[in-house]
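# A structural walkthrough
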Amino acid sequence: MTAASIAQTLGQRRAGHARWAAGLTAAACALGLALPAPGLTFQVVVTLVAVAILGFPHGALDPLIAALRPRAGEGGLAGTAAFLVAYLAAAGAVVALWLVSPIAGLALFLATSAVHFGLGDVPPATDATSRRTRSLRVLAHGSAPIVLPSALHPGGVGLVFGWLLGAPEAAVTAWLTNLAPILVGAWALAALAAYAPALRRSRVPDTEARSGALELGLLAIAFAVLPPLLSFSVYFCVWHSARHLIAVDTVLGRGLRARAAVVGLAVLAATGLLVLGAHAAGDGAAVQGAGGAMASATRTLFIALAALTPPHMMVTAVLERRVAADARRAPRVA
């Protein structure tokens, strides 16, 4: 597949994904409004299963992406091995930080997640998109999955954060409740500044910006309507993970799909064993006291996500560089 066809195919597949992801999100919101609020056990189980089946796989192909570095001299077994060592070292450093200071670990997780989500969700920039506008869109998209649930559902997020920090739920909930107006106001200002100019009437409408604004608005409704764990599952699995998998599959192409399946399954199996081992060897007594088996499982899940986020961002940067390199090699139509 040529560089031009890769770019065209990726755009078409992303557009198709946005349509069905929007449909699933709208259906989830409708169910959330029509049905009674689900119990906490149901929310935890759905989150664990969804992230395990649909969330973690989007990082399982990181070893293959690490081999796609387009710059001369970066390829080869030695370069890939060095990259993977750095990947594992970054993950291990995050786990160590979390064990030493859960507050610092959670803060790092939220900050890196916001940057990663924003860079992954922001619509493609046009020639008219300024650096300031793109930065505001990254901020609006990336902070939405963190800011909106925290501000609109302080009780639910306070419970989960309490599990992660080993802190009293009431104290965390009160802190989030006090910050809620500031969080929502700041996010709304960022979103308006990011998209208001592009939504004005123009002879040449910015369709990418309009699609991005509609996506952000729909997700904001989901974060408001659904309980925090369920809205996170919808966003992370239906939008973020699926979008990344589409990009990876498009860049790898048919020739590497069989190899990708083998590598992905192997990485998922290794990740599962590591997560189970960490869960079994973790501070079970402290976590049990904070909320039982659900608290322990949720804490293990989010620490695993936190550990994988920084190294996964390294791999995402490699993927973006490959797509950019293909775009530069693609012939331009006058």
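As the structure is a prediction and not an experimental result, all values here were calculated from the model.

The rules behind each value
Residues numbered from 1 in each chain as written. Predicted model: local features only at pLDDT ≥ 70, side-chain atom pairs only at ≥ 80, totals over all residues. Heavy atoms only, no water. Axes fitted to C-alpha atoms, helices over the stretch in contact; angles between N-to-C directions. Helix = DSSP H or I, 4+ residues; strand = E, 2+ residues; numbered from the N terminus. Parallel < 35°, antiparallel > 145°, perpendicular 65-115°, else oblique. Left-handed = near helix turned anticlockwise from the far one by under 90°. Nonpolar A, V, L, I, M, F, W, Y, C, P; charged D, E, K, R; others polar. Buried < 20%, exposed > 50% of the residue type's maximum accessible area, 1.4 Å probe, protein only. Contact = heavy atoms within 4.5 Å. Phe/Tyr/Trp six-rings, centres within 6.5 Å; stacked < 30°, edge-to-face > 60°. Core = buried A, V, L, I, M, F, W, Y, C linked by side-chain atoms within 4.5 Å. Salt bridge = Lys/Arg side-chain N within 4 Å of Asp/Glu carboxyl O. Polar contact = N/O pair within 3.5 Å; in protein donor to acceptor, adjacent residues only side chain to side chain. pLDDT = per-residue confidence, 0-100.

### Focus on the packing of helix 6 (residues 131-152) against helix 8 (residues 169-199)
- Running from amino to carboxyl end, helix 6 crosses helix 8 at an angle of 150°, the nearest separation of the two axes being 9 Å. Relative to helix 8, helix 6 is oriented roughly antiparallel. Crossing hand, helix 6 versus helix 8: left-handed.
- In the contact of helix 6 with helix 8, the residues fall into 19 nonpolar, 4 polar and 1 charged.

### Describing the side chain of His240
- Here His240 shows up in helix 10 (residues 228-252).
- The class for His240 is buried, based on a relative accessible area of 5%.
- When residues no more than four places from it in sequence are discounted, the contact partners of His240 are His58, His116, Phe117, Asp121 and Tyr235.

### Section: the packing of aromatic side chains
- With the rule as written, the count across this model stands at 7 aromatic pairs.
- When the ring of Phe109 is compared with that of Phe302, the centres are 6.3 Å apart and the planes differ by 70°; the resulting orientation is edge-to-face. Taken together, the residues Phe109 in helix 5 (residues 102-121) and Phe302 in helix 12 (residues 284-329) connect sequence positions 193 residues apart. Accessibility assignment for this pair places Phe109 and Phe302 in one class, buried.
- On the basis of an interplanar angle of 65° and a centroid distance of 6.4 Å, the ring pair of Phe117 and Phe236 is categorised as edge-to-face. Here the residue Phe117 occupies a position in helix 5, and Phe236 occupies one in helix 10, the gap between them amounting to 119 residues.
- Owing to a relative accessible area of 6%, Phe236 belongs among the buried residues under this scheme.

### Let's talk about the nonpolar core
- If you look at the biggest cluster of nonpolar residues, it comprises 51 residues, and the most contacted ones within it are Val51, Trp187, Phe236, Phe302 and Leu305.
- No other element matches the 8 residues that helix 12 contributes to this core.

### Notes on the pattern of salt bridges
- In this structure the tally under the stated criterion is 2 salt bridges.
- Here Asp121 ties to Arg243 by a salt bridge, and the two come within 2.9 Å at their closest N and O atoms. With Asp121 in helix 5 and Arg243 in helix 10, this pair connects stretches of sequence that are 122 residues apart.
- For Asp121, a relative accessible area of 4% gives the class buried.
- The buried category is assigned to Arg243, whose relative accessible area is 11%.
- When the shortest N-O distance is used, the salt bridge between Arg243 and Glu215 registers 2.8 Å. In this pair, Arg243 sits in helix 10 while Glu215 sits in helix 9 (residues 207-225), placing the two residues 28 residues apart along the sequence.
- Bridged by salt links that share partners, the residues Asp121, Glu215 and Arg243 form one connected network.

### Regarding the environment of Arg137
- Relative to the assigned elements, Arg137 resides in helix 6.
- Classification of Arg137 by relative accessible area gives buried; the value is 4%.
- Separated by 55 residues in the primary sequence, Arg137 and Leu192 place their C-alpha atoms 9.4 Å from one another.
- Residue contacts for Arg137: discarding those within four places in its chain leaves Val122, Pro123, Thr129, Ala194, Tyr195, Ala198, Asp206 and Ala209.
- Polar side-chain contacts of Arg137 include one of 3.1 Å to the backbone oxygen of Ala194.

### Thoughts on the confidence of the model for the protein chain
- With 72% of its residues at a pLDDT of 70 or more, the protein chain shows a mean pLDDT of 79.
- A low-confidence stretch, residues 70-74 stays under pLDDT 50, and its non-local contacts, those more than four residues away or across chains, total 7 contacts.
- With pLDDT under 50 throughout, residues 281-290 is counted as low confidence; its partners more than four residues away or in other chains account for 9 contacts.

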